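If you want the building blocks of each chain, they are given just below.
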Amino acid sequence: MELNNVILEKEGKVAIVTINRPKALNALNSATLKDLDVVIDELEKDDDIYAVIVTGSGEKAFVAGADITEMKDLSTIEARKFSSLGNKVFRRLENLEKPVIAAVNGFALGGGCELSLSCDIRIASEKAKFGQPETGLGITPGFGGTQRLARLVGTGVAKELIYTCKIVKADEALRVGLVNKVVEPEKLMEEAKAMATAIAANAPIAVKLSKVAINRGIQCDIDTAVMYEAEAFGECFSTEDQTEGMTAFVEKRDKSFKNK
Ligand code: DAK
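This write-up is about the structure you can find in this document. All values derive from a computational prediction rather than experimental measurement.

Close to the ligand lie 24 residues, the nearest being Lys 60, Ala 64, Ala 66, Ile 68 and Gly 111. Interatomic distance of 2.5 Å between a side-chain N/O atom of Lys 60 and an oxygen atom of the ligand. In isolation the ligand has 1100 Å² of accessible area, and contact with the protein removes 62% of it. Every element with two or more residues in the shell around the ligand is listed here: α2 (68-71), α3 (76-95) and β6 (107-109). Tallied by class, the residues present in the shell around the ligand amount to 13 nonpolar, seven polar and four charged.

What follows covers the nonpolar core. Side chains of a nonpolar character, in soluble globular proteins, are inclined to be buried together. Val 17, Leu 43, Val 52, Leu 115 and Phe 130 are the most contacted members of the largest nonpolar core, which has 47 residues in total. Setting aside anything within four residues of it in sequence, one finds Phe 130 in contact with Val 104, Ala 108, Leu 109, Cys 113, Ser 116, Ala 124, Lys 166, Ile 167, Val 168, Ala 173, Leu 178 and Val 179. Grouped together as the second largest cluster of nonpolar side chains are 13 residues, Ile 16, Ala 103, Val 183 and Ile 199 included.

Our next topic: the pattern of salt bridges. This model, assessed by the stated rule, comprises 20 salt bridges. Across the pair Lys 208 and Glu 97 runs a salt bridge, and its minimum N-O distance is 3.8 Å. Remark: Glu 97 occurs in the loop between α3 and β5 (100-104) and Lys 208 occurs in helix α9 (residues 204-217); sequence separation between them is 111 residues. Of the residues examined, Lys 208 reaches a relative accessible area of 22% and is grouped as partly exposed.

The next thing to look at is the layout of surface pockets. As a volume, the largest pocket reaches approximately 770 Å³. Lining the largest pocket we find 26 residues, and of these Glu 94, Asp 120, Ile 214, Asn 215 and Ile 218 sit closest to its centre. Of all the elements in the fold, those that place two or more residues in the lining of the largest pocket are α3, β7 (121-125), α5 (145-153) and α9. Examining the composition of the lining of the largest pocket, we find that six residues originate from one element, α9, more than from any other. By residue class, the composition of the lining of the largest pocket is 11 nonpolar, six polar and nine charged. Put simply, the second largest pocket is a space of about 510 Å³.

Relative to each other, α9 and helix α10 (residues 222-236) sit at 170°, their axes nearing to 9 Å. Considering their axes alone, α9 and α10 lie roughly antiparallel with respect to each other. On α10, the residues that touch Ala 206, Leu 209, Ala 213, Arg 216 and Gly 217 of α9 are Ala 225, Tyr 228, Glu 229, Glu 231, Ala 232, Glu 235 and Cys 236. In terms of residue class, the contact of α9 with α10 is built from seven nonpolar, one polar and four charged.

Conventions we followed
Residues numbered from 1 in each chain as written. Predicted model: local features only at pLDDT ≥ 70, side-chain atom pairs only at ≥ 80, totals over all residues. Heavy atoms only, no water. Near = heavy atom within 4 Å. Polar contact = N/O pair within 3.5 Å; in protein donor to acceptor, adjacent residues only side chain to side chain. Areas by Shrake-Rupley, 256 points an atom, 1.4 Å probe, with all protein chains shown as cover. Helix = DSSP H or I, 4+ residues; strand = E, 2+ residues; numbered from the N terminus. Nonpolar A, V, L, I, M, F, W, Y, C, P; charged D, E, K, R; others polar. Core = buried A, V, L, I, M, F, W, Y, C linked by side-chain atoms within 4.5 Å. Buried < 20%, exposed > 50% of the residue type's maximum accessible area, 1.4 Å probe, protein only. Contact = heavy atoms within 4.5 Å. Salt bridge = Lys/Arg side-chain N within 4 Å of Asp/Glu carboxyl O. 1 Å grid on protein atoms, 1.4 Å probe; cavity = no way out; pocket = protein on both sides within 12 Å on 5 of 7 lines; lining within 4 Å. Points joined across faces, edges and corners; volume = space filled by probe spheres on them. Axes fitted to C-alpha atoms, helices over the stretch in contact; angles between N-to-C directions. Parallel < 35°, antiparallel > 145°, perpendicular 65-115°, else oblique.

Any functional reading would require information beyond the geometric quantities listed.
Spelled out as structure tokens, the structure:
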């Protein structure tokens, strides 16, 4: 697996994915999106990884957006290709059957904010800044910003952010529900790893099925949504981990999940 712009590390049951183009503030060009695609292949295959952290390299940026230098001169056909590559990768990350935490260490603008929105949970450093500057560049958000941001923070706040291009600091992002938690910059990875480890201690299939039920259910009416939940709940009863979790409780002993 040869990667130039993304680093994949594994620490126990947690994988850490670092977008690594610090000279361009980790802006997403096609090569980086392709690297991310390859990394997702690897994460999908690895049954020993139970949780994933996505972060940016360097002090300044999580991801400062799609790469404007690369996008600027795209033809219509090239723009479509770039768009479908980006959307494919972001959807794959959103649908990855493992929980994904964005550890947002700095600027998360445009495609960077959208990358964090494709993750399940966002933890921000006090230095993080979020925004959707696309309309100021003459384009609409293109990696799901109009959709995922509105679903997360509501249409009023999403419209304000997208129409005004305003950049909000971590405390404001927390206030509007864009991030789950804000921590000191030096504690960011520690906190993200602690959360990932806490998640990884639970039954991986139950966590995965919860993710699927939430992601599917949020897009449909409540009657259909609770059917997805019932389906997920039922599926747990065909797993060894359900037997183990409940038996360990009854026997008052520590549980040991096997992802089976
Ligand atoms: N693309 C390319 N290079 C970037 C970049 C970006 N998004 N952001 C920063 N850089 C580069 C800068 O050009 C500079 O490079 P050098 O000049 O050193 O070679 C280097 O990173 C350092 O940046 P600055 O010198 O500008 O650093 P400052 O501290 O002064 O400013 C900043 C930091 C983050 C405020 C500033 O760099 C900035 O405003 N960056 C652009 C942020 C932005 O507008 N991001 C949104 C990009 S648009 C779509 C899919 C996706 C998208 C659209 C459509 N479809 C599927 C249809 C997404 C669009 C976007 O994300």
